[in-house]
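Structural features, examined
Listed below, chain by chain, are the residues.
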Amino acid sequence: MSDDVVADVTRGQLAGGVDHHESTLRSRSRGPFDGGPDMIQLLDPEGQRVLHGGAQEYAHHIDALTDEDLRGFYRDLVLIRRFDLEATALQRQGELGLWVSLLGQEASQIGCGRALRPQDHAFPGYREHGIAWCRGLDPMRLIAMYRGVDRCAWDPKEFGFHTYTIVIGNQVLLGTGYAMGVQRDGDVGTGDPDRDTAVIAFMGDGATAQGDVNEGFVFAGVNDSPIVFFCQNNQWAISEPNERQMRSPIYKRADGFGFPGVRVDGNDVLATYAVTKEMLDRARSGQGPSLIEAYTYRMAAHTTSDDPTKYRFSAEVEMWKLRDPIARFKTWLGHEGIADHDFFVAVDAEADELASNVREATVTMGDPEVADIFDNVYVEPHRQVEDDRAVQAAYATSFDDEGVA
């Protein structure tokens, strides 16, 4: 599925699908669930520059970007989508145990990821492949994890990117604790741009109902910790829509914990970058935490073990295709003369090459040694682990003794 396919839904085609479920879709787009007047937006779905929801407060961050920076954003968006689609296909063909797609949420992650500085530290959930990309992580490390070859085998300190967290919302507590440590190390509010550090913790809308998230908010608020909480509100917590999870917008929850909250158009890479950069700068300077709600949509299944057709209307998905983050950004880049046809063709070719390389590396990836499961269980040697290792080794050897392959 290319970005052109995702965007190729005309308003006339959409109308017939929406009519069938018109009242339901209207009810899901009323009140706080349609983005609302406070949503920061710099690029509308048609690819036009706008200043929506107080966006003028953040627009100067975009003015500071070069054309090369902006072309880089587009390249990131296209490549991470192509990687995600290839990984989904690999899982469907039995090469991965599971995959968690970010389709539709690319702008939320690329805009946010490019706002981070090298010394910042990110705490992901399990869908933040775009953040991993921006932090310089080889995509094959994500593939190896979902293939079961290793267990997040990267150094969080090296990449400023923590390991994936499956326990819903737990990364918020981890990130808050790390941010409190940054304070105690004196690496915040010094005025040194190469030292001052911010932490960012990612979550989905469903995670905001978890106790871990709210406890993290409490600790961060009372300690003025240098952390940004970044919620990708993709409208569905597995199979539950927003209106079954909350009665007010997510970003307004920050008020109750004593720090600012802002809603941004998560399909607008410019707005997401600008708002995230502003809040990260705020955290690094010692002004405490903040909450960003990136209003976006999960175009694919929650994971490859999910069937979204059982709980949402196809007309709703078609409606969100019209808000595709890559299509709008491509339109704007072309209109402004920042990128031309040759550039777009070259990026597409690079995306195809990336997909081919990922597929080849996946299907030729070696299996791990079974005994590796006993490594890194404890920091120090542990008698029980060593006993278990010996039992497993004896069991494996018994097959050789019996002449069984």
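On a predicted model such as this, the values are computed, not experimentally measured, just so you know. (Residues numbered from 1 in each chain as written. Predicted model: local features only at pLDDT ≥ 70, side-chain atom pairs only at ≥ 80, totals over all residues. Heavy atoms only, no water.)

A count of helices and strands for the protein chain gives 17 helices and nine strands. Taken over C-alpha atoms, the radius of gyration comes to 22 Å for the protein chain, in line with the 22 Å a tight globule of 405 residues would show. Over its C-alpha atoms, taken along the principal directions, the protein chain stretches across nearly 70 × 50 × 45 Å. Once local pairs closer than 6 in sequence are excluded, the contacts in the protein chain between residues at least 24 apart make up 74%. For the protein chain, the accessible surface area stands at approximately 18100 Å², while carbon and sulfur atoms represent 50% of it. With 38 positive and 66 negative side-chain charges, the protein chain shows a separation of 5 Å between the mean positions of the two kinds. (Helix = DSSP H or I, 4+ residues; strand = E, 2+ residues; numbered from the N terminus. Rg over C-alpha atoms; globule rule 2.2 N^0.38 Å. Contact = heavy atoms within 4.5 Å. Areas by Shrake-Rupley, 256 points an atom, 1.4 Å probe, with all protein chains shown as cover. Lys, Arg positive; Asp, Glu negative; His and termini not counted. Charge placed at Lys NZ, Arg CZ, Asp CG, Glu CD.)

Glancing now at the packing of aromatic side chains. Under the counting rule described, the total for this entry stands at 22 aromatic pairs. A centroid spacing of 5.9 Å and a plane angle of 35° characterise the contact between F229 and F259, whose relative ring orientation is tilted. In this pair, F229 is assigned in strand β5 (residues 227-233) and F259 in the loop between α12 (254-257) and β8 (261-265), connecting sequence segments 30 residues apart. You'll find F229 and F259 in the same group, each marked buried. Counting every residue linked through ring pairs, the aromatic cluster contains F83, W99, Y146, W154, F161 and Y164. Over the ring of W320 we find R323, and its NZ or CZ is 4.3 Å from the ring centre. In this structure, K330 packs its charged tip against the face of F344, placed 5.1 Å from the ring centre. (Phe/Tyr/Trp six-rings, centres within 6.5 Å; stacked < 30°, edge-to-face > 60°. Buried < 20%, exposed > 50% of the residue type's maximum accessible area, 1.4 Å probe, protein only. Lys NZ or Arg CZ within 6 Å of the ring centre and 35° of its normal.)

Turning our attention to helix α11 (residues 211-223). For α11, spanning 13 residues, the distance from its first C-alpha to its last is 18 Å, which sits close to the expected 18 Å at 1.5 Å a residue. All buried positions along α11 are accounted for by V213, G216, F217, A220 and G221. The buried residues of α11 occupy an angular sector of 125° when the element is viewed end-on, so they sit on one face. Against α10 (170-184), β4 (199-204), β5, α12 and β9 (290-295) lie the buried residues of α11. Of the residues flanking the end of α11, it is D224, one or two places downstream, whose phi is positive at about 50°. (Expected span 1.5 Å × (residues − 1). Arc of directions from axis to C-beta.)

Take the nonpolar core next. Counting residues in each nonpolar core, the largest one holds 76 residues, and the members touching the most others are Y164 and F329. Tallying contributions element by element places helix α5 (residues 67-92) first for this core, with 10 residues. Not counting residues up to four positions away in its chain, the partners in contact with F329 are L43, L70, F73, Y74, L77, V269 and L270. (Core = buried A, V, L, I, M, F, W, Y, C linked by side-chain atoms within 4.5 Å.)

To continue, consider helix α13 (residues 269-284). With 16 residues, α13 ought to run about 22 Å at 1.5 Å a step, and its terminal C-alpha atoms sit 22 Å apart, in line with that. Among the 16 residues that make up α13, 13 are buried, leaving the element largely enclosed by the rest of the structure. For α13, the capping residue at the N-terminal end is D268, with a side-chain oxygen 3.0 Å from the backbone nitrogen of L270. (Polar contact = N/O pair within 3.5 Å; in protein donor to acceptor, adjacent residues only side chain to side chain.)

Right, let's talk about the confidence of the model for the protein chain for a bit. Averaged over all residues, the pLDDT of the protein chain is 91; the fraction at 70 or higher stands at 91%. When the criterion is pLDDT under 50, residues 1-32 qualifies, and its contacts beyond four places in sequence or with other chains add up to 42 contacts. (pLDDT = per-residue confidence, 0-100.)

As summarised here, the arrangement of the five strands in space is β3-β4-β5-β9-β8, forming an open sheet in which the pairing is parallel. In this open sheet, the two strands that pair with only one neighbour each are β3 (121-123) and β8. Strand-to-strand twist in this sheet, taken as the mean axis angle between neighbours without regard to direction, amounts to 20°. As paired elements, β4 and β5 share six bridges and run parallel to each other. By the bridge assignment, F202 is partnered in β5 with F230. (Pairing = 2+ DSSP bridges. Axes fitted to C-alpha atoms, helices over the stretch in contact; angles between N-to-C directions.)

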